[in-house]
Amino acid sequence: MTFKTLVIVFLLAFWAIGAQAQSLVKTETFRIEGNCEMCQDRIEEALAFQKGVKSARWNPESKLATVVYRTDKTTVLQLKQAAMAAGHDTDAGKAADAVYQALPDCCQFRTKACKESSSK
Ligand SMILES: [Cu+2]
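Below is a summary of the structure that appears in this document. Given the structure is predicted, the values throughout are model-derived calculations rather than measurements. Starting afresh in each chain, residues are numbered from 1 along the sequence in its written order. Where local features are concerned, this predicted model is filtered to residues with pLDDT of at least 70; where side-chain atom pairs are given and counted, the filter is 80 or more; whole-chain, interface and lining totals use all residues. Side-chain metrics rest on all non-hydrogen atoms present in the structure, leaving aside hydrogens and water.

## Description of helix H2 (residues 37–48)
- Here a strand is any run of E in DSSP of at least two residues, a helix any run of H or I of at least four, and the numbering for each starts at the N terminus. The span expected for a helix works out to 1.5 Å for each residue beyond the first. With 12 residues, H2 extends 16 Å between its outermost C-alpha atoms, agreeing within 8% with the 16 Å of an ideal straight helix rising 1.5 Å per residue.
- By definition, residues are in contact when any of their heavy atoms lie within 4.5 Å. Elements in contact with the buried residues of H2: strand S2 (53–58), strand S3 (64–70) and helix H3 (76–85).

Listed below in structure tokens is the structure:
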């Protein structure tokens, strides 16, 4: 094996590993209940703390979370459970009442919309 062949083999191997790692990264968009910017911080932080999460955004207008994560490290269900643990309902279940009740008034998304009370 010449040095040149060796280099090509190495490059191919790195490319293959890179392509495989890339295929494990998935972007998923799903709904999380919430109201305001405080909810946004809380939700994004809860999601970002999950293993394998590359980025997490939540939009207070659409209530949609967009998460980039590694499919070998976490699942959408785990991400939803993280949001629920932080006090926010998802289609996978509701947050525990005790956690929900502890949210600031403005964030009580089950009973009121923050926009109406806090818009200046
Ligand atoms: Cu809030």
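## Points about the environment of leucine 77
- For leucine 77, the position within the fold is in helix H3.
- Leucine 77 gets classed as partly exposed once you look at its relative accessible area, which sits at 45%.
- C-alpha of leucine 77 to C-alpha of aspartate 105: the two residues are 28 residues apart in sequence and 27 Å apart in space. Each residue gets one of three labels from its accessible area relative to the maximum for its type: buried under 20%, exposed over 50%, partly exposed in between, using a 1.4 Å probe on protein chains only.

## Regarding the packing of aromatic side chains
- Planes of paired rings set the category: under 30 degrees apart is stacked, over 60 is edge-to-face and the rest tilted, where pairs are Phe, Tyr or Trp rings (Trp by its six-membered ring) whose centres lie within 6.5 Å. All told, the structure shown has 1 aromatic pair when counted by the stated rule.
- Their ring planes at 80° and their centres at 5.0 Å tell us that tyrosine 100 and phenylalanine 109 sit as a pair that is edge-to-face. An identical accessibility class is assigned to tyrosine 100 and phenylalanine 109; each is buried.
- Distance and angle both matter: a charge sits over a ring if NZ of Lys or CZ of Arg is within 6 Å of the ring centre and within 35 degrees of the ring normal. The lysine or arginine in question, arginine 110, covers the ring of tyrosine 100, its NZ or CZ lying 4.1 Å from the ring centre.

## Side note on the pairing of S3
- A one-sided burial pattern is seen for S3, the buried positions being Ala65, Val67 and Tyr69 and the unburied ones Leu64, Thr66, Val68 and Arg70.
- A pair of strands is treated as paired once DSSP finds two or more bridges between them. With 7 bridges connecting them, strand S1 (residues 25–31) and S3 associate as antiparallel partners. Following the sheet pairing, arginine 31 is matched in S3 by leucine 64.
- Sheet topology places S2 next to S3; 5 bridges connect them, and they run antiparallel. Bridge pairing links arginine 57 to threonine 66 in S3.
- Hairpin connection from S2 to S3: 5 residues lie between these consecutive antiparallel strands, with lysine 63 at a positive phi of about 65°.

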